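Spelled out from the first residue to the last, the chains are:
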There are 2 protein chains.
Amino acid sequence: MTPALTPQTTPSISLALVDAKAWVSKLMRQLQDEICQALRLLDGVGTFQEDVWERVEGGGGRSRVLRDGAVFEQAGVNFSEVWGSHLPPSILAQHPEAAEHKFYATGTSIVLHPHNPYVPTVHLNYRYFEAGSVWWFGGGADLTPYYPFTEDVAHFHSALKQACDAHHPDYYPVFKRWCDEYFYLKHRQEMCGVGGIFFDYQDSQGQLYQGLHPEGAAGIYSNQVGTPAPRRWEELFTFVRDCGEAFLPAYAPIVERRRSTGYGDRERNFQLYRRGRYVEFNLVYDRGTIFGLQTNGRTESILMSLPPLVRWEYNYQLEPNTPEAELYETFLKPQDWTKWTSPVK
Amino acid sequence: MTPALTPQTTPSISLALVDAKAWVSKLMRQLQDEICQALRLLDGVGTFQEDVWERVEGGGGRSRVLRDGAVFEQAGVNFSEVWGSHLPPSILAQHPEAAEHKFYATGTSIVLHPHNPYVPTVHLNYRYFEAGSVWWFGGGADLTPYYPFTEDVAHFHSALKQACDAHHPDYYPVFKRWCDEYFYLKHRQEMCGVGGIFFDYQDSQGQLYQGLHPEGAAGIYSNQVGTPAPRRWEELFTFVRDCGEAFLPAYAPIVERRRSTGYGDRERNFQLYRRGRYVEFNLVYDRGTIFGLQTNGRTESILMSLPPLVRWEYNYQLEPNTPEAELYETFLKPQDWTKWTSPVK
């Protein structure tokens, strides 16, 4: 494991801000490298194909995809770093003060689609923006199981909670709620999965919770929560770094536990059907996708999140008292998953 | 065949406008009935399942779906008629004068996904809006082949041109271009299919061409085209009626010609891959989908357009000198298809 990146600071001067972009860019690349290496070992068969790309307007990225592995039908791990003369409308709606400024954005983004329907799909994205004198961090990680196992979901949430708790006691409760609200299909009044953590616009001014995606408000929680918490850049940097490092311990044990479970057409068909929800969220609501498409990012890299095979079925009906019905009734509802487990050691 | 609906009019008084909504609603239902009946005969095996639904805020619809037929993997034919206190933002952006008014909207919408990759996917939608003293017609029909056959595309376009030409010599050239611009995937710089006709905001004031979908401008044609053409409501009603009636003669002969062509995994995989573009267009750009989701329409009916099985493949590469490459190089480019054929008899 590469040693953790820690910007040097003094009490009075933020040295990191002198070269903040370089620090975050390095962090995001390192996250991509470490996760790819671990996923290759976890899969045991597949290897990553890398495509390095440049963006005409400025910047570029490294896209890596593993296909037809032993565990993963498709694993996409993207790094990108882009800059330009103005932010797209989807960002300016939330950050009007960033208008008329050059911008810089970097991030790492992961979507894993396993073959086995008993292994959940997982998503991670961490990102950093600068525009004029404004900067902020955003991102999160969330789990989308097809079959309901309390211990898997509790483990995933507990691992993320542990990373959050090391930085601020409000982070996990606030960012867990934000995730539940964000990964919500308004047109179906349905959660996408069992959540995890999500945050956006985390800056030095420090409203933990600055409101919802304009299109995706779930209305699950009626009021904004969280208190202003002024934070230095370095604090947020190390928080995002630690969240990124919590990803593998949160997800890999679930893969190990479920990868050999037998399944048939019924489970595969349900997985392909639920993958449709993933596509709907990505194309209708997802901020990262919309940002990428609006800034002329590389389409193949942006849409690498879409599953290799998907099914839609008109008027699909759940059979009562089945694991599929339990997923909808119990798992796709916001709840405190960490109550089911002691903190991850 | 039910006799064509023709509102009675006098030179000075538009009797149809006394009950315009009832006239269009009847037309749209009749179109749904006639097309379902013909598709059932064309398929020969499948039958339509009907779901009648009501919308809490006002109105409802009749959704009909045929699945696992001899020809059609899925055929969705929707009628809907909705009303409410205010139009959603996606419509008001183009029609700001309709704000603060109650609205009424009715339409019929069809998407057919055949099993055989040699049979093209086809889409039809015709619709009518009223809000305050404003009313307009919109819609069109377009073809999405997977394999390139000039005679099929030429036939489809010629049948629509014939319906248009009977009403106004500018309709086909203008609405054909509009269709090419509308059914365009900006993020891929790629046409969805080979087009057909598309128009929106056709009212008595009569700019034939009132500009593009704000998100989907292809920039294929640099200037607005068409001249103002004041038209009575009845003229537009009969135009839309005739377009609707041109659908079966435009599409059914192509089905008959291709339904028995043999195919294998290669063709099926290419079809499933190209269906992904259909999903991308529907969820990112399509006005009907966005209107439906924004007005709390019935999600299962709105998304009945999505294909039953879809594939995404990262960085898919065409092999040179294959039919798949020919589709991209020659067919997915705007061109005058009617030059290849004499008008449909």
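Computed from a predicted structure; not experimentally measured.

## Some remarks on the interface of chain A and chain B
Next up, step 1: Facing the 31 residues of chain A at the interface are 31 residues of chain B.
Next up, step 2: When chain A packs against chain B, the two sides together hide about 2,700 Å² of surface, and 56% of this comes from carbon and sulfur.
Next up, step 3: Summed over the three residues of chain A that lose the most area to chain B, namely Glu300, Trp312 and Tyr314 of chain A, the buried surface amounts to 31% of that side.
Next up, step 4: Where chain A packs against chain B, one counts two salt bridges.
Next up, step 5: The salt bridge partner of Arg188 of chain B is Glu300 of chain A, with a shortest N-O separation of 2.8 Å.

## Some words on the confidence of the model for chain A
Residue and element names in this part refer to chain A.
Next up, step 1: Mean pLDDT over chain A works out to 87, with 87% of the residues at or above the 70 mark.
Next up, step 2: Long-range and interchain partners of residues 211–225, a stretch whose pLDDT sits below 50, account for 36 contacts in this model, where long-range means more than four residues apart.
Next up, step 3: At the level of chain-chain contacts, confidence expressed as ipTM amounts to 0.88, with global pTM at 0.90.

## Re the relation of the copies chain A and chain B
Next up, step 1: Of the transformation placing chain A onto chain B, the axial shift is 0.0 Å and the rotation is 180 degrees, giving an RMSD of 0.0 Å. These values place the two chain copies in the arrangement generated by a two-fold rotation axis. Distance from the rotation axis, computed per C-alpha, reaches its smallest value in chain A at Val310 of chain A: 2.6 Å.
Next up, step 2: Most of the interface of chain A is mirrored in chain B, where 100% of its interface residues are also at the interface.

## A few points about the sheet that holds strand S9 (residues 195–202) of chain A
Residues and elements named next belong to chain A.
Next up, step 1: The strand order across the open sheet built from seven strands is S1-S2-S3-S4-S5-S6-S9, with neighbouring strands paired in antiparallel fashion. The open sheet has two edge strands, strand S1 (48–54) and S9, and neither has a second partner. Between one strand and the next, the sheet's axes are offset by a mean angle of 5 degrees, whatever the strand orientation.
Next up, step 2: Both strand S6 (residues 134–144) and S9 contribute to a ladder of six bridges, which runs antiparallel. Residue pairing for S9: Gly139 is matched across the bridge by Phe199.
Next up, step 3: Packing against the sheet, helix H3 (residues 150–165) makes contact with strand S5 (121–131), S6 and S9, and its axis sits at approximately 30 degrees to S9.

## Description of the sheet that holds strand S2 (residues 59–67) of chain B
Residue and element names in this part refer to chain B.
Next up, step 1: Strands sit in the order S1-S2-S3-S4-S5-S6-S9 across an open sheet of seven strands; the sheet is antiparallel. Edge strands, defined here as strands with exactly one partner in the open sheet, are strand S1 (48–54) and strand S9 (195–202). Here the strands of the sheet are splayed against their neighbours by 5 degrees on average, with no regard to which way each runs.
Next up, step 2: Pairing of S2 with strand S3 (residues 72–84) involves nine bridges; the strand directions are antiparallel. Bridge pairing in S3 places Ser63 opposite Asn78.
Next up, step 3: In the packing of helix H3 (residues 150–165) onto the sheet, the strands contacted are strand S5 (121–131), strand S6 (134–144) and S9, and the crossing angle to S9 comes to about 30 degrees.
Next up, step 4: Running over the sheet, helix H7 (residues 287–294) touches S3, strand S4 (103–114), S5 and S9 and is turned about 45 degrees from S9.

## A look at the packing of H3 of chain B against helix H4 (residues 171–182) of chain B
For any two helices packed against each other, one specifies the inter-axial angle together with the distance between the axes.
All names here are of chain B.
Next up, step 1: For the pair H3 and H4, interaxial distance at closest approach is 8 Å and the crossing angle is 130 degrees. The angle between H3 and H4 falls in the class oblique. Contacts between H3 and H4 involve His157, Leu160, Lys161, Cys164 and Asp165 from the former and Tyr171, Tyr172 and Lys176 from the latter.
Next up, step 2: Here the residues of the contact of H3 with H4 sort into four nonpolar, one polar and three charged.

## Quick notes on the pattern of salt bridges
Pairing is possible between side chains that carry opposite charge, provided their charged atoms lie close to one another.
Residue and element names in this part refer to chain A.
Next up, step 1: For the structure on display, the rule yields 44 salt bridges over all chains.
Next up, step 2: Asp180 is the partner of Lys176 in a salt bridge, and the nearest nitrogen-oxygen pair spans 2.7 Å. Taken together, the residues Lys176 and Asp180, both in helix H4 (residues 171–182) and four residues apart, mark about one turn of the helix. When sorted by exposure, Lys176 lands in the same class as Asp180, which is buried.
Next up, step 3: Arg188 is paired through a salt bridge with Glu280; the nearest N and O atoms lie 2.8 Å apart. Here Glu280 lies in helix H6 (residues 265–284) and Arg188 lies in the loop between strand S7 (184–185) and strand S8 (190–191), a separation of 92 residues in the sequence.
Next up, step 4: Judged by its relative accessible area of 13%, Arg188 is buried.
Next up, step 5: Taking relative accessible area as the criterion, Glu280 reaches 0% and is therefore assigned buried.

## Description of helix H9 (residues 323–331) of chain B
Next up, step 1: Of the positions making up H9 of chain B, those classed as buried are Glu324, Ala325, Leu327, Tyr328 and Phe331 of chain B.
Next up, step 2: Structurally, H9 of chain B contributes buried residues whose contacts are with H3, strand S8 (190–191) and helix H6 (265–284) of chain B.

## Points about unusual backbone geometry
Residue and element names in this part refer to chain A.
Next up, step 1: Located in the positive-phi region is Asn321, a residue other than glycine, with phi close to 60 degrees.
Next up, step 2: By the element assignment, Asn321 lies in the loop between strand S10 (309–311) and helix H9 (323–331).
Next up, step 3: On the basis of relative accessibility, which here comes to 80%, the residue Asn321 falls in the exposed class.

## Describing the packing of H6 of chain B against H9 of chain B
Residues and elements named next belong to chain B.
Next up, step 1: Axis separation between H6 and H9 bottoms out at 11 Å; the angle between their running directions is 30 degrees. By the angle between their directions, the pair H6 and H9 is classed as roughly parallel. For the pair H6 and H9, the contacting residues are Arg266, Phe270, Tyr273, Arg274 and Arg277 in the first and Pro323, Glu324, Leu327 and Tyr328 in the second.

## Quick word on the packing of aromatic side chains
Next up, step 1: Per the counting criterion, the structure on display carries 62 aromatic pairs over all chains.
Next up, step 2: Residues Phe270 of chain A and Tyr328 of chain A carry aromatic rings whose centres are separated by 6.5 Å and whose planes lie at 55 degrees to one another, so their mutual orientation is tilted. Of this pair, Phe270 of chain A sits in helix H6 while Tyr328 of chain A is found in helix H9, placing the two residues 58 residues apart along the sequence. Side by side, Phe270 of chain A and Tyr328 of chain A carry an identical accessibility label, which is buried.
Next up, step 3: When the centroid spacing of 6.2 Å and the interplanar angle of 35 degrees are considered together, the rings of Phe270 of chain B and Tyr316 of chain B count as tilted. Taken together, the positions of Phe270 of chain B in helix H6 and Tyr316 of chain B in the loop between strand S10 (309–311) and H9 put the pair 46 residues apart, joining distant regions of the chain.
Next up, step 4: Here the aromatic cluster, defined as three or more aromatic residues joined through ring pairs, consists of Tyr126, Tyr171, Phe175, Trp178, Tyr182, Phe183, Phe198, Phe199, Phe239, Phe281 and Tyr285 of chain A.

## Some points on the pairing of S1 of chain A
Next up, step 1: Sheet analysis places S1 of chain A next to strand S2 (residues 59–67) of chain A, joined by seven bridges and oriented antiparallel. Following the sheet pairing, Trp53 of chain A is matched in S2 of chain A by Gly61 of chain A.

Cut-off values and rules
Residues numbered from 1 in each chain as written. Chains lettered and ligands numbered in written order. Predicted model: local features only at pLDDT ≥ 70, side-chain atom pairs only at ≥ 80, totals over all residues. Heavy atoms only, no water. Contact = heavy atoms within 4.5 Å. Buried area = accessible area lost by both parts, 1.4 Å probe. Salt bridge = Lys/Arg side-chain N within 4 Å of Asp/Glu carboxyl O. pLDDT = per-residue confidence, 0-100. Least-squares fit on C-alpha atoms with pLDDT ≥ 70 in both. Pairing = 2+ DSSP bridges. Helix = DSSP H or I, 4+ residues; strand = E, 2+ residues; numbered from the N terminus. Axes fitted to C-alpha atoms, helices over the stretch in contact; angles between N-to-C directions. Parallel < 35°, antiparallel > 145°, perpendicular 65-115°, else oblique. Nonpolar A, V, L, I, M, F, W, Y, C, P; charged D, E, K, R; others polar. Buried < 20%, exposed > 50% of the residue type's maximum accessible area, 1.4 Å probe, protein only. Phe/Tyr/Trp six-rings, centres within 6.5 Å; stacked < 30°, edge-to-face > 60°.

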